[in-house]
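# Summary of structural features
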Amino acid sequence: MKKVAPTAVSAVLPSVPHRAARPYLPQRPDFKLDLAGRHARGNFWRLAFMLATIGTIVFLATLVLTIVDDAFGYVVMVNEVDPASLARDGVRLEDQSAEQLRLTLEEQLSPRRARALERESPLAERPAADLHELVLVELVKPNIAATYGLIESIFERGRIVAESQTAFPGSVLSFRSWINWRFMSTSQTARPLTTGVLTAFTGTLLTILITIVVAFPLGIAAAVWLEEYAVDNRLNRFIQLNIYNLAGVPSIIYGMLGLAVFVRGLEPITSGALFGAGSGGDVANGRTILSAGLTLALLILPVIIINGQEALRAIPGSLRHSSLAVGATKWQTVWSHLLPASLDRILTGTVLAVSRAIGETAPLVVIGASTFLTQDPTGIFSKFTTLPMQIYQWTSRPQPEFRHIAAAAILVLLGLMLSLNAFAIITRNKLRKNRRSA
Amino acid sequence: MHTKVQAHYPEERQRRISFRRRLRPAELLIQSFLFFCAAVSILTTLGIVLVLGRESFAFFGEVSLKQFFGGTVWQPTIGLFGIWPLLNATLMTSLTAMLVALPIGLAVAIYLAEYASEKVRETLKPILEVLAGVPTIVYGYFALTVVTPLLRRVFGADTVEVYNTLSAGLVMGILILPLISSMCEDALSAVPRGLREAAYAMGATKLETSVRIIVPAAFSGIASAFILGLSRAVGETMIVALAAGAGSNFTFNPFRAAETMTGHIVRISGGDISYDSMDYRSLFAIALVLFLVTLFLNILSRAIVKKYREVYE
């Protein structure tokens, strides 16, 4: 295609000699054919367009790399108490039995701290691994002196080793994966070394569960109404227009709506007081998982409706007509033919919307997700925090170690979203295969 | 015609079957339920308008509109509620974002629609979708931990503050880029093939065809993408909350910290706030302005497409 333009002009001109006296091309002085220059410009911009595209991919790679870089790397730890001094009967700390560890703890802990730990779970019943961990946290008290990223840790190992030796004498250098099983399975604590995402993870799952339970049926029902039932009148056009506008409303506005309606207005319901729940000293007022889930449901409702409409629109009219022709009612047609036939598309759209809800932070800050919460949520009337909230909290801390756990939490969040999408794709393919074989 | 309904089939004549329209209460019930679900969207809009309106009304009972839209200081502690510092910061971050997103987004769209082969396009589009699916909080993290330190190294730590609107704006531009590029690509692909072929036949190069023929033909789509992107940028929250800074500041310097409207709402509502205080109500007044601005932009975006779209046969 590219070559056609120049040859067409240059080939035609000389091959028609009798026309040479009356040239085709305008002879104004500012008209220049300048093919070489035009092609040079064309190639330059072609390169520029390509670079812009490559640039966006490079950016995505940088984003992922930054997160991975922050989630792993060397850590320099300085212990407040030398673990060697905690040896008992000549046995090193690592090899001590539960009994020995318990004695050490009872001797060295302050009475108040010991009582607090005893209340959580009696020391005598804890296994040795737990007690060992406890000795490390409570007595050895390792503090982070410096942290490094993954790339530094791989390529500049020698420098890091030398630096940690000179700057922090007596320090321990170890490679740490900030995202690890412990991080996944412990509740939130104030210290970056011992904290975990279980509280936030549970919060996210419960919130999303409510969002799906509310938004999915409501959204699909609305889509069915608009596509299959609604006649073209002013009211239905208004509803449609309104849905398009709602899809463009900033998420923070939904947060304000949730704050005023769910948290304040419907407090007896959302706090669970009406059902006699949540009164066990843990006063959440309306700032509960239920409020958050409902707010997010309103937020993704327009997206689900629009996707659902597109899914229904993609079904050929013959399916409707043949169902109606054999005497099915409208609802029978919708329920037994249209919904099953569009299920794969509906599913894909819903997963997209739910992914958006999982990553949403702003409305949850506004309706009052807890910033620090050591208790895992127990039900829909609990106070809560979610993964994005946790990332927000940790990122806004100035200390570098919080940056590392923020990166680890981001990996957890992205992993959750990725697995949800993978699940949707697998289910969709299965549905399509079933339909083809049927 | 007979006045009586004529029975054509023996079964019907014997009253064993009827083809007449029956009243089906269950169908009606389902139908009204479906309508109710669709009407929830109207209730949502009504809820937003009522909530924002009521609290703002109480707010404007104490602060005059002139003070609100004329003041250049936002200091709720001493009773100064001038929205300009917040509005200005919002405009600065949004415009920075558009300066990044529009040229790059359009370039990506032109590449995908005009230059890239089918295979390349099919690989690149999902990547852009991934970029669009990353939660905004992750972008905020990136702005604060990567872009800001980079800016400080390039321009000097003395000129660039730890929190600044430039960093937030740049990253926001990348956030909006996939939206713009996919909308522009749709607009460019919708231009009929005949226009391209006519341009080539006249001897235009590929670049000339793309830039002088296709882009102008798709102008309405591109303009609406731009406006929708702007609306998205104005309402974007977490990036500015993390990277643009806390505390209102009326400045035109992109290297300095300034709080946007959304950033202010998040910071104040994230703390302990008592209901029915002026602080609480001022948030709703800001949210009302935000709502109206984004609504206006969204409607404008759709109106442009509707009015200026070139209709091809």
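Residues numbered from 1 in each chain as written. Chains lettered and ligands numbered in written order. Predicted model: local features only at pLDDT ≥ 70, side-chain atom pairs only at ≥ 80, totals over all residues.

## Considering the packing of helix α12 (residues 261-270) of chain B against helix α13 (residues 278-308) of chain B
Residues and elements named next belong to chain B. Here α12 crosses α13 at 150°, and the two axes come no closer than 10 Å. As the angle between them shows, α12 and α13 are arranged roughly antiparallel. Handedness of the crossing formed by α12 with α13: left-handed. Taking contact as the criterion, the partners of Met261, Thr262, His264, Ile265, Ile268 and Ser269 in α12 are, on α13, Asp279, Leu283, Ile286, Ala287, Val289 and Leu290. Tallied by class, the residues present in the contact of α12 with α13 amount to eight nonpolar, three polar and one charged. (Axes fitted to C-alpha atoms, helices over the stretch in contact; angles between N-to-C directions. Helix = DSSP H or I, 4+ residues; strand = E, 2+ residues; numbered from the N terminus. Parallel < 35°, antiparallel > 145°, perpendicular 65-115°, else oblique. Left-handed = near helix turned anticlockwise from the far one by under 90°. Contact = placed C-beta atoms within 7 Å. Nonpolar A, V, L, I, M, F, W, Y, C, P; charged D, E, K, R; others polar.)

## Topic: the domain arrangement of chain A
Domain assignment breaks chain A into domain 1 (73-176) and domain 2 (198-437). Using C-alpha coordinates to define each centre, domain 1 of chain A is positioned 43 Å away from domain 2 of chain A. (Domains from an automatic or database assignment.)

## Description of the sheet that holds strand β3 (residues 172-177) of chain A
All names here are of chain A. Taken together, the three strands give an open sheet; going across it, the order is β2-β1-β3, and neighbouring strands pair in antiparallel fashion. What marks the edges here is a single partner per strand, and that holds for β2 (142-147) and β3. Going across the sheet, the axis of each strand differs from the next one's by a mean of 40°, ignoring polarity. In this structure, strand β1 (residues 72-79) lies alongside β2, joined through five bridges in antiparallel fashion. In the strand pairing of β2, Val78 is matched with Asn143. (Pairing = 2+ DSSP bridges.)

## Overview of the interface of chain B and chain A
Taken together, the 66 residues of chain B in the interface contact 68 residues of chain A. The element best represented in the side of chain B that touches chain A is helix α2 (residues 25-62) of chain B, accounting for 18 residues. Taken together, the residues of the side of chain B that touches chain A sort by class into 45 nonpolar, 18 polar and three charged.

## Looking at the packing of helix α10 (residues 219-235) of chain B against α13 of chain B
Residues and elements named next belong to chain B. Viewed as axis vectors pointing N to C, α10 and α13 meet at an angle of 170°, and their least axial separation amounts to 8 Å. Compared by their axis directions, α10 and α13 come out roughly antiparallel. Contact residues: Ser220, Gly221, Ala223, Ser224, Ile227, Leu228, Leu230, Ser231, Val234 and Gly235 in α10; Leu290, Val293, Thr294, Leu297, Asn298, Leu300, Ser301, Arg302, Ile304, Val305 and Tyr308 in α13. Of the residues that constitute the contact of α10 with α13, the class distribution is 12 nonpolar, eight polar and one charged.

## Details of helix α11 (residues 251-265) of chain A
All names here are of chain A. Taking 1.5 Å of rise per residue, the 15 residues of α11 would be expected to cover 21 Å, and the 20 Å separating its terminal C-alpha atoms lies within 8% of that figure. Along its length, α11 shows its largest kink, about 35°, at Gly258. Along α11, 13 of the 15 residues are buried, which leaves the element largely enclosed by surrounding structure. (Expected span 1.5 Å × (residues − 1). Bend = angle between axes of the 7 residues up to and from the residue. Buried ≥ 20, exposed ≤ 12 C-beta atoms within 10 Å, placed from the backbone.)

## Digging into the pairing of β1 of chain A
All names here are of chain A. β1 sits mainly inside the fold: six of its eight residues count as buried. Direction of pairing for β1 relative to β3: antiparallel, over a ladder of six bridges. Counterpart to Gly73 in the pairing with β3 is Arg176.

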